[in-house]
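Examination of the molecular architecture
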Amino acid sequence: MNSYCSSLLFDHGPNPFTINLRNAASHNCNSCTTLWSGSSLELKLLNILPWKTTGWKQHPETDQIIRIECGTALLILASKKCHPDSQKTLHNGDAVFIPAGTWYNLKNISKCPLKLSLVQISSNNFKN
C-alpha cells in the first residue's frame, strides 16, 4: 500500500473534510474504501478490476450517486434482479443517479482498474 493510501484513505466523517476526489479514487488500492460518513450521507471509493463487476446491487431505502473517476463502465439497470431493462456505457466524469429500490450492476469494460466514487444518501445513520 502506498503512503497516499495509508495517510488519507480512511473514514474522515463526520468532521468537515476536503480532498481531490479524482486523485483519491485513483490512489484507492482497495475494492471499497469508506472515505466519509455522517448521519445521512456516506462517500465510498470503489476499485473494480478489468472485466469484473460489482454484482447485482439494490439499496431499498438509499439513493446513490456513482461517478466514474477513471475508466469505462457498462451500467446495467433493472427493475428486477438479473433482468436488465437498460444499459449505458459510462466514461470518465460521467455520473449516474440511482433511486432507492433500483437494481444495478456495473462492469469494468476497460483494460485498467475502474475507479469510482459512490455517494449514498439515507435517512438512517451510517454509524450504527
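Residues numbered from 1 in each chain as written. Predicted model: local features only at pLDDT ≥ 70, side-chain atom pairs only at ≥ 80, totals over all residues. Heavy atoms only, no water.

A short note on the overall build of the chain
Within the chain one finds two helices and eight strands. Going residue by residue from the N terminus, the α and β elements of the chain occur as α-α-β-β-β-β-β-β-β-β. Taken over 128 residues, the chain has a buried fraction of 36%. Within the chain, contacts between residues separated by at least 24 positions form 68% of all contacts whose residues are at least 6 apart in sequence. Summed over all atoms, the accessible surface of the chain reaches about 7100 Å², with 54% contributed by carbon and sulfur. (Helix = DSSP H or I, 4+ residues; strand = E, 2+ residues; numbered from the N terminus. Buried < 20%, exposed > 50% of the residue type's maximum accessible area, 1.4 Å probe, protein only. Contact = heavy atoms within 4.5 Å. Areas by Shrake-Rupley, 256 points an atom, 1.4 Å probe, with all protein chains shown as cover.)

With respect to the environment of leucine 45
Within the element layout of this structure, leucine 45 appears in strand β2 (residues 41-48). A relative accessible area of 0% places leucine 45 in the buried class. Sequence separation between leucine 45 and arginine 67 is 22 residues, and the spatial gap between their C-alpha atoms is 9.7 Å. Those residues in contact with leucine 45 that lie beyond four places of it in its chain are Leu9, Leu21, Ala24, Ala25, Asn28, Ser31, Cys32, Thr33, Leu35, Leu116 and Ser117.

Focus on the confidence of the model for the chain
Put simply, the chain has an average pLDDT of 90, and 90% of its residues get 70 or more. The secondary structure element of the chain with the lowest average pLDDT is helix α1 (residues 3-8), at 58, and the one with the highest is strand β7 (residues 103-108), at 97. (pLDDT = per-residue confidence, 0-100.)

Points about the pattern of salt bridges
Evaluation of the coordinates by the stated rule reveals three salt bridges. Its salt-bridge partner being arginine 22, residue glutamate 69 comes within 3.8 Å of it at the nearest N-O pair. Of this pair, glutamate 69 sits in strand β3 (residues 63-70) while arginine 22 sits in helix α2 (residues 21-27), and the two are 47 residues apart along the sequence. The class for glutamate 69 is buried, based on a relative accessible area of 3%. For arginine 22, a relative accessible area of 41% translates into the label partly exposed. Connected through salt bridges with shared partners, the residues Arg22, Arg67 and Glu69 form a single ionic network. (Salt bridge = Lys/Arg side-chain N within 4 Å of Asp/Glu carboxyl O.)

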